[in-house]
Amino acid sequence: MTSAERRWQGLLFVAPFLLLYLLILIYPLLRGLWLSLYQVDLFGGGTFVGLANYARLAADPVFGQSLINTFLVTLMIVPLLTVVALALALALNRATRSAAILRGVFFSSAVLSVTIVTLIWRFILAPDAGLLGELWTALGREPLPFLSAPNLVLPALAMTTIWWSVGFPMLLFLAGLQQIPQDMYEAAALDRASKWTTFWRVTLPSLRRTTILVVMLQTAAQLQIFGQSQLLTAGGPSGASRTAVLFLFETAFGRWELGYASAAAEILFLIILAVTLTQYMLTGRVRAGEDGR
Amino acid sequence: MPGLQLRNIRKAFKGTEVLAGVDLDVAPREFIAFLGPSGSGKSTLLRIVAGLETSDEGEVILDDRRIDTLPPGDRGVAMVFQHYALYPHMTVRENMAFGLKNARVPRAEIDGLVTDAARTLEIEELLDRKPAQMSGGQRQRVAIGRAIVKKPRLFLLDEPLSNLDAALRLRTRVELAQLRQRVDAGVIMVTHDQAEAMTLADRIVVFNDRRIQQVAPPMEIYSRPANSFVARFVGSPAMTIIPARLADGGAFASVLLGNGTRLDTQVPTDGLPGSGAVEIGMRPEGVRVCGQGQGTTDAEVQLVERLGERSLVYARLDDGAAITAEDAGTTSAKVGDRVGLSIDGAAAHLFGPDGTGYHRAAA
Amino acid sequence: MAASRSDDRLPPLVWAALLTAAALMVAPLVWTLLLSLKSNAELVGNSGAALGGPYTLENYGAIFGNSSTMRWLLNSAIVSLGTTAGVLVLASLAGYGFARLDFPFRRSLFVLVLLGLAIPSQAVILPQHQLFATLGLHNSYPGLILPGLIGPFGVFFMTQYMRAIPKELDEAAMLDGASRFTIFWRVILPLTIPAQSTLAVFTFLGSWNDYWWPLISATRSDMYTLTVGLAASQMNYAQTSGLGFLMAQAVFASIPIFIVYIIFQKQIVRAMAGAALK
Ligand SMILES: Nc1ncnc2c1ncn2[C@@H]1O[C@H](COP(=O)(O)OP(=O)(O)O)[C@@H](O)[C@H]1O
Ligand SMILES: [Mg+2]
């Protein structure tokens, strides 16, 4: 075997993945960009319209509302989720049996699919057949119409999502806590630092990277929130819970406005890309892409 | 010609030259040690022989066959790695059989070869263990066993003992010496431990600065270093090398030290460089401490290192030249004392301006 | 998990808060379980009945008699296992290539793969949908599996893991006359089993729970996965099966995933530790 042959051998190992990757991810990405510049519908054809789809998006109040809803729900979820996950991790970072059981409890919902989660929450939130409704009625109050009142529906989605998603960030924080060297605490103790000081001066600064990771991952995830909105409320009432991805889904697979939907997808892509790149920059993951040798 | 020949091997890593045209002949069954400071290219040359690196230029010939174009497994060489590189998920038996399986040796034959090698190395009871269940010394033996079963024509060992503790290292050194009597193959061992090289090797190859500095049997390396680098590098404590001037003399050179002391050496005058400036080299055992004024010259003691059976006295001549001398274990020399030094001129070496060594005529 | 400061006890107030949170966490699950154990008739117009007996297993019995749920279970199993196997194979091969072999454009290709981590699946869904329509792959197992195979995470993960394995092992195997593929298969791959199991768990969980792609690709009810099937059931439950049956389906659909979770808890926690480190 010549060394030139050996040089190409490596390509054989990466080729199977790479071919699929190029075909199923990179090609669609470029094709989507192309589509967004055309007016295309189900029956193909298509005329080049330049940035007209984007202009139409900018002027489309439904799309605007869906973006606002998405940002709002992300804002409701991420800070609260981060704080709750951190608090749980701090409380459960100990070697006792009860802590282990509780860690399992708080992670358990994370393994469920979105359809099961919405199924469960539909019958908690629904005023007529839900658990909350029953409780409210039992207390002699009028049940709150979580899924049909415009000002309650996004908080309801946020609550559902926090319940569903708290497990992973908690585990990330726990892992981050495990990596704080014990001697930092010993040094703090020798310095007679109070628990509170130790927390602010040792624990929290050490969790900086983990916190950035959690916030950015969750932001990227929640900006793509879809199933909760589609399944629980179908975007209603009157668009109050329509998220950006739901808008994309309806435009593409409901009305088959392919060019228009593609433009919306590109906007979404840019937003997520910005979040992800920010995360890479803040956590220095870009360097992981290099060889390290 | 049987044995290994390296012809004009050159290697650069990203523009930095590591080997600048190396030539070397290794006889069949010869034990060669590569000795040199770290970073001098020893491992690189060994890996070029093994086929783990490709040289930029040059040929590697083993038993009349050019092997530098062959993949590592087809070269007829076996290697023992510094960290042993045993396959962690395989038992000792599987580790040893792996190479034979790849060579499509029949099963029954493999079993026989593995059992034989295990018996030779006394690791039979380890055959069904995995590397993680063994001590460092045991892993070392298995690594050697894995090399032996392949019956290579050449063994390549890269610092094989450097991961063992001192006691185990000595024992394994003895075992390596015995082992090489039993195998019908050459051995090249990289080391930076000169005692190891001196004990085991038929010939030592000293590396420095991208080049081979000297190839010679251990005692010759010690007593007739090719240049001042080899002279300084081999021997512990290091040879004293100080500037001197050639004085007129007869058939053998005489020199004047910086403080004016005259020394008569046994180095033939023929072939010495013309100009007067040279360096003189003296091993500590050629410089003895004596009473002040009773020796060749006087010096002031800077440090006394007591080694038990003898002492090393680090002293300074009047002109500031540092010189290492030997004295009895019971020496009374103390720091700051002025003592006499009796220098054995016959044991001295001379080094020319380019570092070339000149020695007394061979016995 | 070793605790830092395991010696100091939690203050009672923290304990109380923790237990309340745990109750909030578990209540929906218990509620679901209770609903699933009630007869459908009893729950009509009064889901509160679930808080008291009598309980019955009839809904679960009905699932086993319900051919579509069983079919969805089968589909989910085939798709998730297929995806997991595919990801392990592709990611291991590519990881070895990127970690160990030198070939033209290696760095650029690796960066291209990393970029994929920033591409949300929603952004490419339309062209993907068209592509699979052109290839005639909608409503088929390959059609459901293929998009799950291109996640760059697996490649990134395996590359990092394999880079940490000493290169001396590859070199020893080369001197042992092993081919590149033998080295990969017999020496490196067995050493990546911990990474393989972590990747397998995550891929399986992700694939089992995936809603987005099967929602779009599987339009025939016999090709639904459990997630899509359950979505369809809950959207029109009013007309069809009762609440108890629906909840029994939910419980039933989560059983496999809970089993996987309980068996592979260690891998999940370990992977988290790795992610937090990077
Ligand atoms: N793969 C490599 N890439 C770049 N430089 C290398 C590589 N291998 C060795 N070198 C460099 O080549 C020189 C010689 O290395 P080596 O042969 O390992 O020295 P030795 O074994 O004598 O200590 C060193 O400066 C080392 O840094
Ligand atoms: Mg070396």
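Residues numbered from 1 in each chain as written. Chains lettered and ligands numbered in written order. Predicted model: local features only at pLDDT ≥ 70, side-chain atom pairs only at ≥ 80, totals over all residues. Heavy atoms only, no water.

Digging into the domain arrangement of chain B
Residue and element names in this part refer to chain B.
Okay, step 1: Assigned domains within chain B: domain 1 (4-233) and domain 2 (240-358).
Okay, step 2: Taken together, the contact between domain 1 and domain 2 spans 9 residues of the former and 9 residues of the latter.
Okay, step 3: With both chains or domains summed, domain 1 and domain 2 bury close to 710 Å², and 47% of this area falls on carbon and sulfur atoms.
Okay, step 4: On inspection of domain 1 and its partner domain 2, the count reaches 0 salt bridges.
Okay, step 5: Where domain 1 packs against domain 2, one counts 4 residue pairs in polar contact (both at pLDDT 80 or more).
Okay, step 6: Of all the elements in the fold, those that place two or more residues in the side of domain 1 that touches domain 2 are α7 (218-223) and α8 (228-233). (Domains from an automatic or database assignment. Contact = heavy atoms within 4.5 Å. Buried area = accessible area lost by both parts, 1.4 Å probe. Salt bridge = Lys/Arg side-chain N within 4 Å of Asp/Glu carboxyl O. Polar contact = N/O pair within 3.5 Å; in protein donor to acceptor, adjacent residues only side chain to side chain. Helix = DSSP H or I, 4+ residues; strand = E, 2+ residues; numbered from the N terminus.)

Section: the pattern of salt bridges
Residue and element names in this part refer to chain B.
Okay, step 1: For the coordinates displayed, the defined rule picks out 31 salt bridges over all chains.
Okay, step 2: Residue Asp25 is joined to Arg7 by a salt bridge in which the shortest nitrogen-to-oxygen separation is 2.9 Å. You can see Asp25 sitting in strand β2 (residues 16-26) and its partner Arg7 sitting in strand β1 (residues 4-13), a full 18 residues away along the chain.
Okay, step 3: The shortest N-O distance in the salt bridge between Arg29 and Asp184 comes to 3.6 Å. Remark: Asp184 occurs in the loop between α5 (166-182) and β8 (186-191) and Arg29 occurs in the loop between β2 and β3 (31-35); sequence separation between them is 155 residues.
Okay, step 4: Residue class for Asp184 comes out exposed when judged on its relative accessible area of 62%.
Okay, step 5: Here the residues in one salt-bridge network are Arg10, Glu17, Glu57, Asp209 and Arg210, joined through shared partners. (Buried < 20%, exposed > 50% of the residue type's maximum accessible area, 1.4 Å probe, protein only.)

As for the interface of chain B and chain C
Okay, step 1: Listed as interface residues are 24 residues of chain B and, on the opposing side, 15 residues of chain C.
Okay, step 2: In this assembly, chain B packs against chain C so that about 1600 Å² is buried in total across both faces, 63% of it on carbon and sulfur atoms.
Okay, step 3: Contact with chain C buries area across many residues of chain B, yet B:Tyr87, B:His89 and B:Phe98 alone supply 29% of it, more than any other trio.
Okay, step 4: In this structure, the connection of chain B to chain C is made through 2 salt bridges.
Okay, step 5: Residues C:Asp176 and B:Lys150 are paired through a salt bridge, measuring 2.6 Å at the closest nitrogen-oxygen approach.
Okay, step 6: The interface formed by chain B and chain C holds 10 residue pairs in polar contact (both at pLDDT 80 or more) in total.
Okay, step 7: Secondary-structure elements contributing two or more residues to the side of chain B that touches chain C are α1 (42-50), β6 (77-80) and α2 (92-102) of chain B.
Okay, step 8: Residue contributions to the side of chain B that touches chain C peak at 5 residues, all from α2(B).

Overview of the interface of chain C and chain A
Okay, step 1: With 105 residues of chain C at the contact, the number on the chain A side is 100 residues.
Okay, step 2: At the boundary of chain C with chain A, total buried surface from both sides reaches about 9200 Å², with 72% on carbon and sulfur atoms.
Okay, step 3: Taken together, the links from chain C to chain A amount to 0 salt bridges.
Okay, step 4: Tallying contributions element by element places helix α14 (residues 243-277) of chain C first for the side of chain C that touches chain A, with 16 residues.
Okay, step 5: In terms of residue class, the side of chain C that touches chain A is built from 75 nonpolar, 19 polar and 11 charged. (Nonpolar A, V, L, I, M, F, W, Y, C, P; charged D, E, K, R; others polar.)

Some words on the packing of helix α9 (residues 167-175) of chain C against helix α10 (residues 180-191) of chain C
All names here are of chain C.
Okay, step 1: Two elements in contact, α9 and α10, have axes separated by 10 Å at closest approach and are oriented at 140 degrees. It follows from the interaxial angle that α9 and α10 lie oblique. Our pair here, α9 against α10, has a crossing hand that is right-handed. Touching Leu169, Asp170, Ala173 and Met174 of α9 are Arg180, Ile183, Val187, Ile188 and Leu191, all from α10.
Okay, step 2: Within the contact of α9 with α10, the residues separate by chemical class into 7 nonpolar, no polar and 2 charged. (Axes fitted to C-alpha atoms, helices over the stretch in contact; angles between N-to-C directions. Parallel < 35°, antiparallel > 145°, perpendicular 65-115°, else oblique. Left-handed = near helix turned anticlockwise from the far one by under 90°.)

Brief notes about the nonpolar core
Okay, step 1: Within the largest apolar cluster, 201 residues are counted, with the highest numbers of intra-cluster contacts made by A:Phe106, A:Met170, B:Leu4, B:Phe34, B:Leu156, B:Ile188 and C:Phe98.
Okay, step 2: Counting 48 residues, the second largest nonpolar core, distinct from the first, contains B:Leu35, B:Leu176, B:Ala185 and B:Val234. (Core = buried A, V, L, I, M, F, W, Y, C linked by side-chain atoms within 4.5 Å.)

Digging into the sheet that holds strand β11 (residues 240-247) of chain B
Residue and element names in this part refer to chain B.
Okay, step 1: A sheet is described by the order of its strands in space; here 6 strands give the open sequence β13-β12-β11-β14-β20-β21, paired in antiparallel fashion. Bordering the open sheet on either side are β13 (262-268) and β21 (357-358), each of which pairs with just one other strand.
Okay, step 2: Relative to strand β20 (residues 349-351), strand β14 (residues 277-282) runs antiparallel, the two sharing 3 bridges. In the strand pairing of β20, Gly281 is matched with His349. (Pairing = 2+ DSSP bridges.)

Re the confidence of the model for chain A
All names here are of chain A.
Okay, step 1: A residue-level look at chain A finds 92% of positions with pLDDT of 70 or above and a mean pLDDT of 84.
Okay, step 2: Considering each helix and strand of chain A separately, the mean pLDDT is smallest for helix α15 (residues 286-289), with a value of 44, and largest for helix α3 (residues 61-92), with 93.
Okay, step 3: Within the model, pLDDT remains below 50 along residues 286-293, and this stretch shows 15 contacts once partners closer than five positions in the same chain are excluded. (pLDDT = per-residue confidence, 0-100.)

Section: the pairing of β13(B)
Residues and elements named next belong to chain B.
Okay, step 1: Every second residue of β13 is oriented toward a common face, the buried set being Leu263, Thr265 and Val267 and the non-buried set Arg262, Asp264, Gln266 and Pro268.
Okay, step 2: Relative to β13, strand β12 (residues 252-257) runs antiparallel, the two sharing 4 bridges. Bridging from a neighbouring strand, Phe252 pairs with Pro268 of β13.
Okay, step 3: What sits between the antiparallel neighbours β12 and β13 is a turn of 4 residues, in which Gly260 has the positive phi angle 95 degrees.

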